[in-house]
Amino acid sequence: MELTGAEIIWECLVREGVEIVYGYPGGAILPTYDALNKYQDRVRHVLVRHEQGATHMADGYARITGKVGVAMATSGPGATNMVTGIATAMMDSVPLVCITGQVPSTVLGSDAFQETDITGITLPITKHNFLVTHVSQIAPALRKAFHIARTGRPGPVLVDITKDAQNQKMEFVYPTEPIRLPGYVPPSAATPEQIESAIALIRQAERPLILAGHGVSMSGAERQLLEFAERAQIPVALTLLGKGTMPESHPLCLGMMGMHGAAAVNQAVQAADLLLAFGMRFDDRVTGNLRTYSPNSRKIHIDIDASELNKNVKVDVGIAGDLRTVLEQLLPHLPRLSHAAWLRQIRDWQEEADERDIIHYEAPSDKLYAAHVIHDLWKATGGNAIVVTDVGQHQMWTAQYYLNDRPRSLITSGGLGTMGFGFPAAIGVKMGAPHETVWAIVGDGGFQMTLCELATAAQENVDVNVAIINNAYLGMVRQWQEFFHGQRYNATPMHNPDFVKLAEAYGIPARRVCTRAEIPEAVAWAHSINGPTVVEFQVEKADIVYPMVPAGADLDKMIRRPIPQRNLPDWSENH
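None of the values given here were measured: they were computed from a predicted structure. (Residues numbered from 1 in each chain as written. Predicted model: local features only at pLDDT ≥ 70, side-chain atom pairs only at ≥ 80, totals over all residues. Heavy atoms only, no water.)

Student: Sorry if this is basic, but what is going on with the domain arrangement of the protein here?
Tutor: Accessible area lost during the coming together of the parts is what is often quoted as the interface size. On domain assignment, one finds that the protein holds domain 1 (2–171), domain 2 (192–351) and domain 3 (358–545). Across the boundary between the two partners, domain 2 contributes 16 residues, which contact 20 residues of domain 3. In total, domain 2 and domain 3 occlude about 1,400 Å² of area from one another, counting both sides; carbon and sulfur atoms represent 59% of this. Three residues stand out in domain 2 for area buried against domain 3, namely Leu240, Lys243 and His260, and they jointly supply 42% of the buried area on that side. Here domain 2 and domain 3 share zero salt bridges between them. (Domains from an automatic or database assignment. Contact = heavy atoms within 4.5 Å. Buried area = accessible area lost by both parts, 1.4 Å probe. Salt bridge = Lys/Arg side-chain N within 4 Å of Asp/Glu carboxyl O.)

Student: Can you walk me through empty space enclosed by the protein in this structure?
Tutor: To locate leftover empty space, one rolls a probe as large as a water molecule over the atoms. Applying the stated rule across the entire model yields one cavity of 30 Å³ or more. Roughly 130 Å³ of volume is contained in the largest cavity. If you go around the largest cavity, you meet 15 residues; those closest to its centre are His214, Ser217, Arg408, Leu410 and Ile411. Those elements that place two or more of their residues in the lining of the largest cavity are helix H3 (51–65), helix H10 (214–218) and strand S16 (410–411). For the lining of the largest cavity, the leading source of residues is H10, giving three residues. Broken down by class, the residue content of the lining of the largest cavity amounts to seven nonpolar, five polar and three charged. (1 Å grid on protein atoms, 1.4 Å probe; cavity = no way out; pocket = protein on both sides within 12 Å on 5 of 7 lines; lining within 4 Å. Points joined across faces, edges and corners; volume = space filled by probe spheres on them. Helix = DSSP H or I, 4+ residues; strand = E, 2+ residues; numbered from the N terminus. Nonpolar A, V, L, I, M, F, W, Y, C, P; charged D, E, K, R; others polar.)

Student: Would you mind showing me how to read the environment of Gln479 here?
Tutor: Note that Gln479 resides in helix H21 (residues 475–484). Separated by 268 residues in the primary sequence, Gln479 and Leu211 place their C-alpha atoms 28 Å from one another. With residues near it in sequence (within four places) discarded, Gln479 still touches His260, Gln393, Asp543, Ile544, Val545 and Met548. Within the structure, Gln479 has its side chain in polar contact with the backbone nitrogen of Val545 (distance 2.9 Å). (Polar contact = N/O pair within 3.5 Å; in protein donor to acceptor, adjacent residues only side chain to side chain.)

Student: What should I look at first to understand the pattern of salt bridges in this one?
Tutor: Where charged atoms from two side chains of opposite charge approach closely, those side chains can pair. Applying the stated criterion across every chain yields a total of 23 salt bridges. In this structure, Arg63 and Asp92 form a salt bridge, with 3.0 Å as the shortest nitrogen-oxygen distance. Note that Arg63 is positioned in helix H3 and Asp92 in the loop between helix H5 (83–91) and strand S5 (96–102), a separation of 29 residues in sequence. The residues Arg63 and Asp92 share a single accessibility class, namely buried. Arg153 is the salt-bridge partner of Asp305, the closest N and O atoms lying 2.8 Å from each other. On the criterion of sequence distance, the pair formed by Asp305 in the loop between strand S13 (298–303) and strand S14 (317–320) and Arg153 in the loop between helix H7 (138–150) and strand S7 (156–162) is long-range, its members being 152 residues apart. Three or more residues joined by partner-sharing salt bridges are found here, namely Arg153, Asp305, Glu308 and Lys311. (Buried < 20%, exposed > 50% of the residue type's maximum accessible area, 1.4 Å probe, protein only.)

Student: I would appreciate a short explanation of the sheet that holds strand S20 (residues 533–538) in the present structure.
Tutor: As a general point, the strands of a sheet are linked pairwise by backbone hydrogen bonds and lie either parallel or antiparallel. Judged by pairing direction, the sheet is parallel, and its six strands sit side by side in the order S16-S15-S17-S18-S20-S19 without closing on themselves. A single partner strand is all that each edge strand has here, and the edge strands are S16 and strand S19 (510–513). Pairing geometry for strand S15 (residues 386–389) and strand S17 (residues 438–443), over four bridges, is parallel. Across the sheet, Thr389 pairs through a bridge with Ile441, a residue of S17. (Pairing = 2+ DSSP bridges.)

Student: Mind showing me how you'd approach unusual backbone geometry here?
Tutor: Note: most peptide bonds trans; most residues except glycine with negative phi. The omega torsion of the bond from Tyr546 to Pro547 falls at -15 degrees, within 30 degrees of zero and hence cis. By the secondary structure assignment, Pro547 is in the segment after S20. Phi at Ser294 is positive, roughly 35 degrees, even though this residue is not glycine. On the secondary structure map, Ser294 appears in the loop between helix H13 (284–287) and S13. We classify Ser294 as buried; its relative accessible area is 0%.

Student: Would you take a moment to explain the packing of aromatic side chains for this structure?
Tutor: Centre-to-centre distance and the angle between the planes together describe a pair of aromatic rings. Considering all chains together, one arrives at ten aromatic pairs under this definition. Centre to centre, the rings of Phe228 and Phe278 are 5.4 Å apart; their planes meet at 90 degrees, and the pair counts as edge-to-face. Placement of Phe228 in helix H11 (residues 222–232) and of Phe278 in strand S12 (residues 274–278) is noted, with a sequence separation of 50 residues between them. Measuring from centroid to centroid gives 6.3 Å for Tyr473 and Tyr489, while their planes differ by 65 degrees, and the two rings are edge-to-face. One end of the pair, Tyr473, is in the loop between strand S18 (465–470) and H21; the other, Tyr489, is in the loop between H21 and helix H22 (499–505), and 16 residues separate them in sequence. Overall, Tyr489 belongs to the partly exposed group, its relative accessible area being 27%. Among the aromatic residues, those joined into a ring-pair cluster are Trp480, Phe483, Phe484 and Tyr546. The ring of Trp525 carries the charged tip of Arg511 above its face, separated from the ring centre by 5.1 Å. (Phe/Tyr/Trp six-rings, centres within 6.5 Å; stacked < 30°, edge-to-face > 60°. Lys NZ or Arg CZ within 6 Å of the ring centre and 35° of its normal.)

Written as structure tokens, this is what we have:
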């Protein structure tokens, strides 16, 4: 059949199984939007209010479904507005295909109206990208884009298509031959020698520790991780993006490690004699000072990306392969072990840390703390909501106080730390998992970066609940100013709008919470509404996220909450 290039774009999306496209039209992509009329019964298009929102929504959709998220924009500013979202997906290994229109091929390089070299701009922040200048290139480029985005270590791919290529016609037959890309052969399995070496180190270890990262969920290896930990009785520490890969209620799960991780977890990392790094990349927020990081441990590292092995931390056994495949290779050889003394030592550290973390045990008062909000939200939802966060103090409190027992139940920007990610990503999450309860937990600063997507949520009637943690500061920056910059709070106090009135202006029900006693009823109210809601929590302004490892410090040299010198009432039923 003879189709235009614009129609071929939609044909390819349909055949790749795409259900939703997040986008914003403009001149250079207009032929593709015009062709959408023929495909509206097969592909849902969601009109965003800013192209950054499109990429974050596609990102959230991809993270919750495991499918490739798709975003679309026009040339020039439309394409450049996508850059932050593309970089976010690249840092967190999220499969996206971003389609941008481009000026006609006849004027490429002439500084035509709304021309930008978007393939050049995104070269460092995409897994691959394509510039398509003829209709015959569209289908091959899109097929390769989806293949590259979803295989190996996932990531974003950009396809930039000139306007004349969208308008040209050709006889179209969807290509079905296998995709072969020279030099692109993602690894899958370990060698027998690697398996033997890893098992030998595990047998010898007295203080082993598993470090579970985002790669566990990306490979679908949650069941294998649990079986591995239980059989060898090895405790598990989680990265921020690894939360949910193992139930946090499990006795072998220690919780989050790193800069704002649990003190006992960081102590265990430093005292371990064997680290098993599963699908994580030893980034600086996890390791602290590399020269003193877990100095007495041997190390096994399994990752789909061979370039991550020995990049930051030298390891004894490095295995490039799909994590689920490699764990399934290891499990038949894994002995049943006991590490009772090691587990007792960790429990002692945990009990000492609990004495410092008094937040759950404090009596309710007229003051509202963000940690109370997160804990009580966890309690009110039974821990069963999908939580999507922005970036800052509220993100760390969510990681600490909203325990995740299910895979993919915490969605957040880890590597890039993108403020403005939370709310639009939550829209994508809810569209990808319509039967789940979804809460976007955002700060007053980050929310204002993408709050225009309230219009998208209202127009699409997306049943997502927004919890704004309003402390009238850029809280995490203020915390650093308090600790390291002489309490000079430059450019961190926030003059905020009335968030309740703002939400209502978009036709979205909203309310404000100022005391802890109001939280359960406010959560129940939000759950009773079929559509978006906004709940503003006015919390204490000068609160601190404890513990904290200063940048570049040793992992166990944490700034910790002082031990309270007073008797507290027993509020343990709230814990």
